[in-house]
Amino acid sequence: LEKVCFAYEHEVALRYVNLQIEKGDSVVIQGPNGCGKSTLIRLLNGIIYPSEGHYFYNDHEITEKALKDRQFAKMGYVFQNADTQLFCGSVEEEIAFGPVQMGLSETEIRQRTEDCLQLFGIEKLRERPPYHLSGGEKRKVSLACILSLNPEVLILDEPLAGLDEKTQDMLLEFLKNFHRAGKTLITITHNRHLAETIGSRFAVMNEDHELKMI
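In this report, we go over the structure that sits alongside the text. (Residues numbered from 1 in each chain as written. Predicted model: local features only at pLDDT ≥ 70, side-chain atom pairs only at ≥ 80, totals over all residues. Heavy atoms only, no water.)

Some words on the packing of aromatic side chains
The cut-off we apply is this: Classification of ring pairs rests on two measures: the distance between centres of Phe, Tyr or Trp rings, Trp counted by its six-membered ring, which must be within 6.5 Å, and the angle between planes, read as stacked under 30 degrees, edge-to-face over 60 and tilted in between. Partly exposed describes any residue whose relative accessible area lies between the buried limit of under 20% and the exposed limit of over 50%, with all areas from a 1.4 Å probe on protein chains only and scaled to the type maximum.
In this structure the tally under the stated criterion is 4 aromatic pairs. Taken together, a centroid distance of 4.9 Å and an interplanar angle of 80° make the contact between Phe6 and Tyr8 edge-to-face. Since its relative accessible area comes to 36%, Tyr8 is described here as partly exposed. Three or more aromatic residues joined by ring pairs make a cluster, and in this case those are Phe120, Phe174 and Phe178.

Printed below as a string of structure tokens:
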């Protein structure tokens, strides 16, 4: 990001933000509520675009037009509220949805779906409607959906919120393994243990919507 600004009508959310993330980094973003953290990762994921400044990925500027090119479909965003992310009639359909949209073969779609079901131990949930699941089960399904895309970058907003201790431990281990595999993590969290466990670099946003690396 180079001198990126963003505002909701007249309310500033990001003020001249500069940020460089390298492949394989695990960047933890911290700061008080309302400082612009969620806006920042929505922008990184191409949901919104800078009002001013520039956003580059692998030396290509990211714009609405550029994101129609599948070469940029390499980021996965796990929402804080899993209900925001889940909409299909069954868990199996939910996980397969991304690979279907990518235009993969039926064989590849089935393989990715089965791999993700097994990875998170949710094979028994395959025919269940996602909206009937517990909070921890929904979080596993939302992660499985993103992993089915095989992203290079995983972006998470308070990933441990509302999870029981067993599910938190599972998710922490998964994130550590994802990072060890050379993938890039970008995480918003107020959880000190999570930040210390997975963070290799730290960015702090202040109430003036500015960002500083520490």
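Description of helix H4 (residues 135-147)
Heads up, the rule is: A run of H or I in DSSP becomes a helix once it reaches four residues, and a run of E becomes a strand once it reaches two; helices and strands are each numbered from the N terminus. One less than the number of residues in a helix, times 1.5 Å, gives the span that helix is expected to have.
Relative to the 18 Å expected for 13 residues at 1.5 Å per residue, H4 spans 18 Å between its end C-alpha atoms, a close match to the ideal helical length. Burial of H4 is extensive: 10 of the 13 residues sit out of reach of the surface. Those residues of H4 that fall on the buried side of the exposure criterion are Gly136, Lys138, Arg139, Val141, Ser142, Leu143, Ala144, Cys145, Ile146 and Leu147.

Re the state of the cysteines
What counts, and what does not: We call a pair of cysteine sulfur atoms a disulfide whenever their separation is within 2.5 Å.
Applying the stated criterion across every chain, the model contains 0 disulfides. Here Cys5 is not cross-linked by a disulfide; its sulfur's nearest cysteine counterpart is in Cys35, at 15 Å. Residue Cys5 is classed as buried on the basis of its relative accessible area of 9%. Among the residues examined, Cys35 registers a relative accessible area of 1% and is labelled buried.

What about the pairing of strand S1 (residues 2-8)?
This is how the line gets drawn: Two strands qualify as a pair provided DSSP detects at least 2 bridges between them.
Taken together, the 2 bridges between S1 and strand S4 (residues 52-54) define a ladder with antiparallel strand orientation. Of the residues in S4, the one forming a bridge with Glu2 is His54. Of the pairings in the sheet, the one linking S1 to strand S2 (residues 11-17) comprises 4 bridges and is antiparallel in character. Its bridge partner lying in S2, Val4 is registered against Val17. In textbook terms, the turn of a hairpin is the stretch between consecutive antiparallel strands, and for S1 and S2 this stretch comprises 2 residues, one of which, Glu9, has a positive phi near 55°.

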